Every structure is written in C-alpha cells, then in structure tokens.
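A closer look at the structure
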Amino acid sequence: GIQVEQSPPDLILQEGANSTLRCNFSDSVNNLQWFHQNPWGQLINLFYIPSGTKQNGRLSATTVATERYSLLYISSSQTTDSGVYFCAVEQRSNYQLIWGAGTKLIIKP
Amino acid sequence: EAGVAQSPRYKIIEKRQSVAFWCNPISGHATLYWYQQILGQGPKLLIQFQNNGVVDDSQLPKDRFSAERLKGVDSTLKIQPAKLEDSAVYLCASSLILSGNTEAFFGQGTRLTVV
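This section reports on the structure supplied with the text.

Calculation notes
Residues numbered from 1 in each chain as written. Chains lettered and ligands numbered in written order. Predicted model: local features only at pLDDT ≥ 70, side-chain atom pairs only at ≥ 80, totals over all residues. Heavy atoms only, no water. Helix = DSSP H or I, 4+ residues; strand = E, 2+ residues; numbered from the N terminus. Contact = heavy atoms within 4.5 Å. Buried < 20%, exposed > 50% of the residue type's maximum accessible area, 1.4 Å probe, protein only. Lys, Arg positive; Asp, Glu negative; His and termini not counted. Salt bridge = Lys/Arg side-chain N within 4 Å of Asp/Glu carboxyl O. Polar contact = N/O pair within 3.5 Å; in protein donor to acceptor, adjacent residues only side chain to side chain. Disulfide = S-S within 2.5 Å. Buried area = accessible area lost by both parts, 1.4 Å probe. Nonpolar A, V, L, I, M, F, W, Y, C, P; charged D, E, K, R; others polar. Pairing = 2+ DSSP bridges. Axes fitted to C-alpha atoms, helices over the stretch in contact; angles between N-to-C directions.

**Here we look at the environment of B:Lys15**
Residue and element names in this part refer to chain B. Mapped onto the elements of the fold, Lys15 is located in the loop between β2 (10–13) and β3 (19–24). Considered as a pair, Lys15 and Asn101 are 86 residues apart in the sequence and their alpha carbons are 41 Å apart. If near-sequence neighbours (up to four positions away) are discounted, Lys15 is found in contact with Ala82, Leu84, Val114 and Val115.

**Comments concerning the side chain of B:Asp56**
By secondary structure assignment, the location of B:Asp56 is in strand β6 (residues 53–56). Salt bridges are absent for the buried B:Asp56, whose nearest opposite-charge side chain, B:Lys62, sits at 7.1 Å. Within polar-contact distance, the side chain of B:Asp56 engages the side chain of B:Ser58 at 2.7 Å. Once residues lying within four places of it in the same chain are set aside, the contact partners of B:Asp56 are A:Asn94, A:Gln96, B:Leu46, B:Ile47 and B:Gln48.

**Overview of the pattern of salt bridges**
Applying the stated rule across the entire model yields 4 salt bridges over all chains. Of the charged contacts in the structure, one is a salt bridge between A:Arg68 and A:Asp27, with a shortest N-O distance of 3.9 Å. In this pair, A:Arg68 is assigned in the loop between β7 (59–64) and β8 (69–74) and A:Asp27 in the loop between β3 (19–25) and β4 (32–37), connecting sequence segments 41 residues apart. Given the relative accessible area of 32%, A:Arg68 is considered partly exposed. We classify A:Asp27 as partly exposed; its relative accessible area is 39%. Note that B:Asp57 is salt-bridged to B:Lys62, the shortest N-O span being 3.7 Å.

**Notes on the state of the cysteines**
All names here are of chain A. Evaluation of the coordinates by the stated rule reveals 2 disulfides over all chains. The disulfide that involves Cys23 links it to Cys87, with 1.9 Å between the sulfurs. Note on the Cys23 and Cys87 pair: the S-S dihedral is about -50°, so by sign convention the disulfide is left-handed. With Cys23 in strand β3 and Cys87 in strand β9 (residues 83–90), the pair connects residues that are 64 residues apart, well separated along the chain.

**Quick look at the interface of chain B and chain A**
Across the boundary between the two partners, chain B contributes 21 residues, which contact 17 residues of chain A. The junction of chain B with chain A conceals about 1600 Å² of combined surface from both sides, 47% of it contributed by carbon and sulfur atoms. Along the contact surface separating chain B from chain A lie 0 salt bridges. Our count for the contact surface shared by chain B and chain A stands at 9 residue pairs in polar contact (both at pLDDT 80 or more). Every element with two or more residues in the side of chain B that touches chain A is listed here: β4 (31–37), β5 (44–50) and β10 (104–106) of chain B. Its residues placed into classes, the side of chain B that touches chain A shows 9 nonpolar, 9 polar and 3 charged.

**Quick look at the sheet that holds strand β7 (residues 65–68) of chain B**
Residue and element names in this part refer to chain B. The strand order across the open sheet built from 4 strands is β1-β3-β8-β7, with neighbouring strands paired in antiparallel fashion. Every interior strand has two partners, whereas the edge strands, β1 (5–7) and β7, have only one. The mean angle between the axes of side-by-side strands here comes to 15°, regardless of whether they run parallel or antiparallel. Sheet topology note: the β7/strand β8 (residues 75–79) ladder contains 4 bridges and is antiparallel. Counterpart to Phe65 in the pairing with β8 is Ile79.

Shown next as structure tokens:
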C-alpha cells in the first residue's frame, strides 16, 4: 500500500518564526489533504490540494504530484498554531485516506 | 453548512461494558468513515460506508465492534465488550465524492476511556 512520511516529527519554534512541513508519498494518489489537530483533538481541514499551490492567510501549501510530495508553509507562527499537522493522501482504488504520522508543532510565546 | 456531528463527546466505561457512538454526517455526503485514534498516533480507519453499504471494514475488530448506517445518513458504532486497549478517540468523517471532490470533513470526536 501507499506509504506516507512526514517530516520533521517534532518542531519547536518561537512565535513569529516561519516553518515548512513536508509530506512524501510513495505512489500516485487522487488527492491530498492537510489537517491541523488542535490540543482538544479536533481535526481541522487546512487544504485539499491534489496539485499546485493554495494559500489561506498565513498558511500555504504546495503539492508536486509528479514528484510525490507536498509542503505546508506556516508564516509568522502564533501560539494557536501549536498542535499536530497531518498529511493524508487518497488512494486511487477506494478513496481511502492514508495518513502520515504527523508533525507535532509547538510555538513558544 | 452544519459540520459532522458526533455524540457523546466523552465516555468513561468499565472494561467488558458496552458503548455506542453516534454520527450525523454533513447533509448530502454519501461516504461516511469511522476512525480510531490512539494518543500520539494518526487516525486508523475502522469502517467506510458508501450510502448504507459497507465499502471497507477490513480493520474493524468484528468480534467486538459493529457499525451500521441505516437509511444512508446517521451511523452508530458499537463496542461490546470493551477492552482497556479500546481507549481512544473515535472520529467520524464524511465526504461527498461527486465531481471528483472527495474532501473529508471530521467531527469533534468521542473520547473513550475504558477503566
């Protein structure tokens, strides 16, 4: 099956810093989603991005499907950005999401 | 547009007891998923429904877990009897899967503690 790897596993930054999170996947996929899981466990949709670049405020994402990776950029980090960021790719055969292990982000004030 | 609704938010039960979780997906979403998320890990798919039919339940421990989606809308997930290792957050998600848009949306989850 498809393998999804996220890096780095952990990231600690000061408020105001920028960061780049990476997601590599091992096979062609239908689509890719980025989620933020906040400290209360809620999974929040960030981007639905099979290819190209999207931006939403301080966050942006780029997926290069031909090279099988996606990047999530967070600029001017705030403490509310803390949590775990998951990448999930959609298998072509059955629309199921295959998840990475996540990147745990801690933003210090 | 209302999101995915789940209840209860929290549940504490003793091992060997039974428990049920409820999910109401986003209106019009044909596909519904139940995931189990153990602390520190990513979500693990338990079962996927397309309308009221099961697409995949290969990772559902069928000796103790059951799920149904009557009428292709609401769904319930049941555990009977519960074990300590079932302590986790149970997440319900739904997606439309029309015109190539398969974005999945998640409910707030039910945090289960088995003692």
